Structures are given as structure tokens and as C-alpha cells.
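Here is what each chain is made of, one letter per residue.
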2 protein chains.
Amino acid sequence: KKSNQPTFSRRGMTLEEEINESNEYYLVNNQAVIYKKPTPIQIVSVDYPKRSRAVIKEAYFRQASTTDYNGVYRGYYVDFEAKETKNKLSFPLKNFHQHQIEHFKRCLLQDGICFVIIKFSTMNRYFVTPASLIIANFEHDDDQKSIKLTTIEEASIELSIGYRPTIPYLDAVDQLIKNKGIKTNNDR
Amino acid sequence: KKSNQPTFSRRGMTLEEEINESNEYYLVNNQAVIYKKPTPIQIVSVDYPKRSRAVIKEAYFRQASTTDYNGVYRGYYVDFEAKETKNKLSFPLKNFHQHQIEHFKRCLLQDGICFVIIKFSTMNRYFVTPASLIIANFEHDDDQKSIKLTTIEEASIELSIGYRPTIPYLDAVDQLIKNKGIKTNNDR
Ligand SMILES: [Mg+2]
Ligand SMILES: [Mg+2]
């Protein structure tokens, strides 16, 4: 089932592909150095054939203990997770794990810039949502954890999707950095 | 062949194990959030047995395009490579790849804190060496690329090996950050 999206070339790209493409653009233009972390894999057996490269014969996917992406931008440490949902009215938190929330908290304590890029794929809307909103909502005792779209709209920076980079999320990161500066000046 | 090292509990630990242990210490003490990046793996075939988790049946190691470790410390992006040598008089650069050097350059351009932790295992000496020294020497046209120990000594911060953390390299990072500040003030 495909929705009638107004976009052209990105039709069918996953959020991860869109972000990887954006990171490649930022990398070659010396704007930031941000990579997706490889999926951690537990290797059980490896063959070393003669005159040929090693072949992994048995291995398992391990759960990542951190987030999807990290890197450096203008001297700032940037750390984020990418999440896509087909929901129209809320963003479900069930795909977050406790250790990812802990990771966000630890990075915030070290003054990292932490957020989630949320794609509402049915509506083709993208948000850069501060990690603090996710943390606060994750720790509610609700059975059905989710954040209302209206709350996401209020607390996030919505992205206008471009051509190059596909997802210009560093514009939103500039805003997060600016807000952080204001907050620091008032609070300390 | 083992050398008679004066140390006790770390006997036989690789540099990577020592750094991982140090990172764990820094993590649980909220001093920094630094992880080893998983080795990238190219997956060719996966089995999905019923009632059991997915098994990777064929996969290959890919060459990492970046460095071993990255993370955040006191708001700074930290990025480094760990290298061990049995040499006594020089540090060979043959284990660095062009793309790792490029990665260092890009991260430096974004104001990251970039370095190599070098272990001279025969002498049990550890250095935090700024990436700039590696970059400068890597680009020489020598057949046998290496950096003399005396040069390493001059340009690096030598680490005194402790008990907790095993390798207290953040002390050296503090120094790199301080030096960077001084340099910036003079140069700009
Ligand atoms: Mg994700
Ligand atoms: Mg290494």
C-alpha cells in the first residue's frame, strides 16, 4: 500500500536511506562527519579458506546498545536515532529500548546534541525532536506509550524536505544548538 | 613470546581490551560516553528458522572507513584509533589506511578532538598522540613510513598506567583540549 506522496525521487526510500544520503552530502561538502553505526554482530564461526578471504559461517544480530547515528558538527557531538511511523496522530515509543534512553541521558550529561528524526511516512512529514521529550515520555507508566502529534509539533523542529541534502536536518541542529545556548545563559 | 612486564593484572590484555575496560569505567562514572564502533560486516545470506532467531549463514568482514572509537566528553567530540606495536624505536604507519587519515582530517575540520593511543607493548609505554602528527607523517613519500619514538615522545602525552581506569587517557584529552584553546587564542 503506497500513499500518494507529492514527492518524486524519494518515493520508496526508507528514512535510513534518506539520512544516509544526507550524511554523504554533508560529508563531501565538509559540513559534518556523521555515520550510521554498524549493526553489532556476534560472530560464532569463521572459515579461513586458502587464498581467499575469511567467511563468517555463523553469526547473530545483537541488539544495539546505543543509537543509530553519531558524529561531529561544528565542534558539537551529535547523536540521534531515526524512527519512522505509519501512524497519523501519534508517535509510538515501543520501538525505543531502555538502554537507548540511558544512552541519550548519558550523552546529554556530557553536553551532546541528542535528538530523534521522526518520519510520519503516511503524511510525509519529518521532525527533529529533542531527546529530552522522548526521555520524559518514555518514563511515564502508560501501557500504550506514545506521544501525540500535536506534542511533537510543539516541541520539535519540522523539516522542509529538499533535494540536496534530502533531509536538511543540520538546519534543525543549528536551532537546537542555539536554544541550548539560550537555556544555558538563563539557567546558570 | 612474552616480555617480562612489570604489570600484574593487565598481563596479556590487548590494547583494545584495556581501552574497552577504561571506556566502561568512564561510562559508569558519567565521565564520558565513548564506544568502539562495531566492525562493519557485509551480510550475504541469513536464515530465519521458525521459533528461533535469525542466523547469518554467509558474511564477510569489510574494511572500516573510519577509526576505532568515538564519543562525547565534556561537550567535545572525541575520535581515536588504537594501535599497538612491538617495535622499540619507531611506530610504523603501515597499519593506517588513507581513508582513516581522511576521516581524521574531516573530524579536525569540524573541531573534533582526534588522536591515536599508541602502545609500545614491549616497553609497556602508552602515548596519546595528536592526529595531526600522524597525518603529517603519513603524507611523506617514504617507502618505509614510520615515526621515531623520540618524535612520538616530543609530540605526545605519555600515560601513566593505573588501576581504574586501566588507561586514564581522558587526562591526556584534557591536555589536548587545553592546548587547542591556547592555539586558537594565539592563531585567530
Ligand atoms: Mg532507527
Ligand atoms: Mg586499531
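Owing to the predicted nature of the structure, the values given are computational and were not obtained by experimental measurement. (Residues numbered from 1 in each chain as written. Chains lettered and ligands numbered in written order. Predicted model: local features only at pLDDT ≥ 70, side-chain atom pairs only at ≥ 80, totals over all residues. Heavy atoms only, no water.)

Quick word on the UniProt feature "binding site: Mg(2+)" (unreviewed entry) in chain A
For clarity, the cut-off: UniProt positions are given in the numbering used here, feature names are shortened, and annotations may be inferred rather than shown by experiment. Put simply, DSSP marks the helices as runs of H or I at least four residues long and the strands as runs of E at least two long, and each gets a number from the N terminus on. Partly exposed describes any residue whose relative accessible area lies between the buried limit of under 20% and the exposed limit of over 50%, with all areas from a 1.4 Å probe on protein chains only and scaled to the type maximum. Only heavy atoms enter the contact rule, under which two residues are in contact if any of them lie within 4.5 Å. Two N or O atoms count as a polar contact when they lie within 3.5 Å, although within protein this holds only if one can serve as hydrogen donor and the other as acceptor, and sequence-adjacent residues are included solely when both atoms are side-chain atoms.
Listed under "binding site: Mg(2+)" (unreviewed entry) in the UniProt record, and renumbered for this structure, are Thr 66, Asp 68, Glu 81 and Gln 100 of chain A. Taken along the chain, the residues just named run across 35 residues; in space they keep tight, none of their C-alpha pairs more than 9.6 Å apart. By the element assignment, Thr 66 of chain A lies in the loop between β3 (55-61) and β4 (69-73). Among the residues examined, Thr 66 of chain A registers a relative accessible area of 8% and is labelled buried. Contact partners of Thr 66 of chain A, with chain neighbours within four places excluded, come to Lys 37, Glu 81, Gln 100 and His 103 of chain A together with Tyr 35 of chain B. The residues contacting Glu 81 of chain A, other than those within four sequence positions of it, are Thr 66, Thr 67, Asp 68, Phe 96, Gln 100, Phe 104, Phe 115, Val 116 and Ile 117 of chain A. Within the structure, Glu 81 of chain A has its side chain in polar contact with the backbone nitrogen of Asp 68 of chain A (distance 3.0 Å).

Some thoughts on the coordination of the magnesium ion (ligand 1)
Residues and elements named next belong to chain A. Filter applied, for reference: For Na, K and Ca the donor cut-off is 3.2 Å, and for all other metals it is 2.8 Å, counting N, O and S atoms only; because water is absent from this set, sites may look incomplete.
For the magnesium ion (ligand 1), the protein coordination sphere consists of Asp 68 (OD), Glu 81 (OE) and Ala 82 (O), at 2.2 to 2.7 Å. If you list the donors of the magnesium ion (ligand 1) from N- to C-terminus, the spacing comes out as D-x12-E-A. One end of the pair, Asp 68, is in the loop between β3 and β4; the other, Ala 82, is in strand β5 (residues 76-85), with 14 residues separating them in the sequence. Of the two residues, Asp 68 and Ala 82, both sit in the buried class.

A word on the packing of helix α2 (residues 98-109) of chain B against helix α3 (residues 131-138) of chain B
Residue and element names in this part refer to chain B. Heads up, the condition is: Comment: axis = line fitted to C-alpha atoms, over the contacting stretch for helices; angle = value between 0 and 180 degrees taken between N-to-C directions. Roughly parallel covers angles under 35 degrees, roughly antiparallel covers those over 145, roughly perpendicular covers 65 to 115, and oblique covers all other angles. Should the near helix be turned anticlockwise from the far one by less than a right angle, the crossing is left-handed, and should it be turned clockwise, the crossing is right-handed. Residue type decides the class: Asp, Glu, Lys and Arg count as charged, Ala, Val, Leu, Ile, Met, Phe, Trp, Tyr, Cys and Pro as nonpolar, and the leftover types, Gly among them, as polar.
Remark: α2 packs on α3, axes separated minimally by 10 Å, with the N-to-C direction vectors making an angle of 135 degrees. Judged on the interaxial angle alone, α3 and α2 are oblique. Relative to α3, the crossing made by α2 is left-handed. Residue-level contacts link Gln 98, Ile 101, Phe 104, Lys 105 and Leu 108 of α2 to Ala 131, Ile 134, Ile 135 and Phe 138 of α3. Its residues assigned to classes, the contact of α2 with α3 shows seven nonpolar, one polar and one charged.

Considering unusual backbone geometry
Comment: phi is negative for the bulk of residues other than glycine, and the bulk of peptide bonds are trans. Across the junction of Arg 164 of chain A and Pro 165 of chain A, the peptide omega takes the value -10 degrees, indicating a cis bond. Along the chain, Pro 165 of chain A falls in the loop between β10 (157-159) and α5 (169-187). Of note in the backbone geometry, Arg 51 of chain B takes a positive phi value of approximately 55 degrees without being a glycine. Tracing the sequence through the fold places Arg 51 of chain B in the loop between β2 (41-47) and β3 (55-61). Look at Arg 51 of chain B and you get exposed, because its relative accessible area is 90%.

Describing the sheet that holds strand β4 (residues 69-73) of chain B
Residues and elements named next belong to chain B. Selection rule: Think of it this way: DSSP has to see at least two bridges between two strands before they count as a pair.
Read from one edge of the open sheet, six strands run β1-β4-β5-β7-β8-β10, paired in mixed fashion. Looking along the sheet, the strands with just one partner apiece sit at the ends: β1 (33-36) and β10 (157-159). Each adjacent strand pair in this sheet contributes to an overall mean axis angle of 25 degrees, direction not counted. Where α2 meets the sheet, its contacts fall on β5 (76-85) and β7 (113-120), and the angle it forms with β5 comes to roughly 155 degrees.

A look at the sheet that holds strand β2 (residues 41-47) of chain A
With respect to topology, four strands assemble into an open sheet ordered β2(A)-β3(A)-β3(B)-β2(B), the strand pairing being antiparallel. The open sheet has two free edges, formed respectively by β2 of chain A together with β2 of chain B, since each of these has just one partner strand. Here the strands of the sheet are splayed against their neighbours by 30 degrees on average, with no regard to which way each runs. Where β3 of chain A lies against β3 of chain B, two bridges are found, and the strand directions are antiparallel. If you follow Ala 59 of chain A over to β3 of chain B, its bridge partner there is Ile 56 of chain B.

Here we look at α2 of chain B
Let me state the cut-off plainly: Take the residue count of a helix, subtract one, and multiply by 1.5 Å to get its expected span. Each C-beta atom gives one direction from the helix axis, and the arc is the one those directions make.
With twelve residues, α2 of chain B extends 17 Å between its outermost C-alpha atoms, agreeing within 8% with the 16 Å of an ideal straight helix rising 1.5 Å per residue. All buried positions along α2 of chain B are accounted for by Gln 100, Ile 101, His 103, Phe 104 and Cys 107 of chain B. Relative to the axis of α2 of chain B, the buried residues are bounded by an arc of 155 degrees and lie together on one face. Tucked inside the fold, the buried residues of α2 of chain B contact β1 (33-36) and β4 of chain A together with β5, β7 and α3 of chain B. A positive phi of about 70 degrees marks Asp 111 of chain B, the residue just after α2 of chain B.

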